[in-house]
Amino acid sequence: MPRRTSQASDGMQFTAMVLKWGPIPPVHEPARTQFLTQSGRRELQLSNQNAAEAVYRLSQYIRTDRLPFAMDFSQDWNVLWKRYQRWQVLSSRLRAATEASDKDDLPGQGVARKALEHPAGAYRYLRKGPLERIADLQVHRIGELFGGIYGCRYEYKNDRWFDTCLVRMAHLHMGLSAGFTAKRLCSVCGADFSECDHSPDWLYPVTAERVRGKCNICGGDEGCEHSPGSQYLVRPTIRLEDAVLREVSLTPNPRDPSLMITSLQSDPQPPPPSSPSYKRRCLACLSGTCGKPGQEVISNTDALGDVHL
Amino acid sequence: MVLLPRAVEEGTAIYQDTHITTAKDLRAAGIQVSFLVEPDDRTFVSEFSHDIVYQIAIGIAANVSWDAAKALWAYVKARCEGLADKNDPPRVRLQIARLQKDDVTIEGLTLEGPATSGIPEALLEILVGKDSDA
């Protein structure tokens, strides 16, 4: 069992994504549900693509009929142990085939990580909707693939251990909301959008030019399809200027559900690493302790404890 | 009619971001409306999680014509209906800082409630009287 120490006295620390630019409709706007569903579906699609690519890369090094995904999410210890052993065998074979050390990136690791980030976002978008369970299953499946083959580790920084498990972070039912002030300028004339004559419902002819290296039609960098000097019909949009972040709050109902905690201080704190090479491995997805699909993860409990790699 | 900021900090008036097009919309509906301060002295706040999801504060200096009152009522009603959710109606808040109506002056009036609670109708009643046919 892991050794435990008392909780840090200066409060729990976490890192989180607090702001993302995009046209997400506010809470209670009718278009919001459709937007969230579309975003969630897109994330699921990207996850499937990345997962397929990761498995393809794995298949070039290790041959296996099927990966040991536990779709029944059994809590039986014997079943869990056998599954864990199968993952260990596959992981060892991959390391042996690629002669990779612990510090090297293994084949497919980057794309598998992306495959896990996408369903985490999808689950956040699709929560409380009809596709929630599909996204939830995907999070657990890819989490197990990543943890089983590549291994997940706790992070140690600022003299503290942090849990960075995307499976658990996605299931924390709190999100981040930022409040900020900014001037709103019209993308067509550059004047204050609340006063200028341009309506967001109309198209206006605008001559394309580069403003501070950006295209004034699409906001893109060099290489966009708009030729300087040519006229295009554009719908006015709002440009933010002099933005000042005023507050960030944790809320159960953030405007953008994908703005979530990305790492959370382990509580209670295990002892600090005994050597620079010490790593704490997270086995939650393999041990079933990161929750079954449909279950809310309440705490960042330790899984099987410390593993000295 | 004057659109009032939510706060003034160091000379800068802070408006809710939902008001970016409010003045344009109301002018298009025939209401003479202006912001309290010039564009250089105003900024807009975006809060992505807030109990009050729609809030408007106005000051009305003179008698309100029937057309203007009805246009304002229609605007507030459209905003409230756009937010309406029968299962979980968001809260809206309407503040009238000052209203001169015939010999009566109303100051510091706040209407607050769920979007489905008839706030637009209450606004019309205040502006033009109870017996008006909306």
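In the block above lies the structure referred to throughout.
Residues numbered from 1 in each chain as written. Chains lettered and ligands numbered in written order. Predicted model: local features only at pLDDT ≥ 70, side-chain atom pairs only at ≥ 80, totals over all residues. Heavy atoms only, no water.

**Q** Can you tell me about the sheet that holds strand β11 (residues 261–265) of chain A, naming the residues and giving the values?
**A** Residue and element names in this part refer to chain A. The 4 strands are arranged β1-β11-β4-β3 in an open sheet whose pairing can be described as antiparallel. In the strand order of this sheet, the two ends are held by β1 (14–16) and β3 (155–157), each with one partner. Across the sheet, the mean angle separating the axes of adjacent strands is 25° when strand polarity is ignored. Across 2 bridges, the pairing between strand β4 (residues 160–163) and β11 is antiparallel. Residue pairing in the sheet places D163 in a bridge with L264 of β11. (Pairing = 2+ DSSP bridges. Helix = DSSP H or I, 4+ residues; strand = E, 2+ residues; numbered from the N terminus. Axes fitted to C-alpha atoms, helices over the stretch in contact; angles between N-to-C directions.)

**Q** So what about the side chain of R281 of chain A? Which residues, and what values?
**A** Residue and element names in this part refer to chain A. Residue position: R281 is located in strand β12 (residues 281–282). Residue R281 is classed as buried on the basis of its relative accessible area, which comes to 8%. In this structure the side chain of R281 is engaged in a polar contact, spanning 2.9 Å, whose partner is the backbone oxygen of G147. (Buried < 20%, exposed > 50% of the residue type's maximum accessible area, 1.4 Å probe, protein only. Polar contact = N/O pair within 3.5 Å; in protein donor to acceptor, adjacent residues only side chain to side chain.)

**Q** Describe helix α2 (residues 77–98) of chain A, naming the residues involved and giving the relevant values.
**A** Residue and element names in this part refer to chain A. Compared with an ideal rise of 1.5 Å per residue, which puts 22 residues at 32 Å, α2 spans 31 Å between its outermost C-alpha atoms and is within 8% of the ideal. Burial in α2 covers these residues: L80, R83, Y84, W87, L90, S91 and L94. One side of α2 holds all its buried residues, which, seen down the axis, span an arc of 125°. Away from the buried face of α2 by more than 90 degrees, exposed residues N78, K82 and A96 are located. Positive backbone phi, at 50°, marks E99, one or two positions downstream of α2. (Expected span 1.5 Å × (residues − 1). Arc of directions from axis to C-beta.)

**Q** Summarise a nonpolar patch on the surface; cite the residues concerned and give the values.
**A** Side chains of M12, F14, M174 and L250 of chain A sit close together on the surface and give an oily, nonpolar patch of about 310 Å² of accessible area. Structurally, the position occupied by M12 of chain A is in the segment before β1. (Patch = residues over 30% accessible without salt bridge, like charges linked within 9 Å, V, L, I, M, F, W, Y side chains within 5 Å. Areas by Shrake-Rupley, 256 points an atom, 1.4 Å probe, with all protein chains shown as cover. Salt bridge = Lys/Arg side-chain N within 4 Å of Asp/Glu carboxyl O.)

**Q** Provide a residue-level description of empty space enclosed by the protein, including the pertinent values.
**A** Residue and element names in this part refer to chain A. Counting across every chain of the model gives 3 cavities of 30 Å³ or more. Within this model, the largest cavity holds a volume of roughly 60 Å³. At the level of elements, α4 (132–149) and α6 (284–287) are the ones that each hand at least two residues to the lining of the largest cavity. For the lining of the largest cavity, the element with the most residues is α6, which contributes 3 residues. Residues of the lining of the largest cavity, tallied by class, amount to 9 nonpolar, 2 polar and no charged. (1 Å grid on protein atoms, 1.4 Å probe; cavity = no way out; pocket = protein on both sides within 12 Å on 5 of 7 lines; lining within 4 Å. Points joined across faces, edges and corners; volume = space filled by probe spheres on them. Nonpolar A, V, L, I, M, F, W, Y, C, P; charged D, E, K, R; others polar.)

**Q** Quick rundown of the nonpolar core? Include the residues and the values.
**A** With 46 residues, the main nonpolar core has L58, L94, I149 and Y150 of chain A as its most contacted residues. Counting residues per element, the ones that place at least two in this core are α1 (32–59), α2, α3 (109–126), α4, α5 (166–171), β11 and α6 of chain A. By residue number, the principal contributor to this core is α3 of chain A, which donates 8 residues. If near-sequence neighbours (up to four positions away) are discounted, Y150 of chain A is found in contact with L58, L94, R95, L106, P107, G108, Q109, A112 and L145 of chain A. Of all hydrophobic cores here, the second largest spans 37 residues; its members include A23, Y54, I58 and A68 of chain B. (Core = buried A, V, L, I, M, F, W, Y, C linked by side-chain atoms within 4.5 Å. Contact = heavy atoms within 4.5 Å.)

**Q** Any details on the packing of α2 of chain A against α4 of chain A? Residues and values, ideally.
**A** All names here are of chain A. The geometry of α2 relative to α4 is characterised by a closest axis approach of 8 Å and an angle of 55° between their N-to-C directions. One finds that α2 runs oblique with respect to α4. Of the residues in α4, those touching α2 at R83, W87, L90, S91 and L94 are E144, L145, G148 and I149. Among the residues forming the contact of α2 with α4, the class breakdown is 5 nonpolar, 2 polar and 2 charged. (Parallel < 35°, antiparallel > 145°, perpendicular 65-115°, else oblique.)

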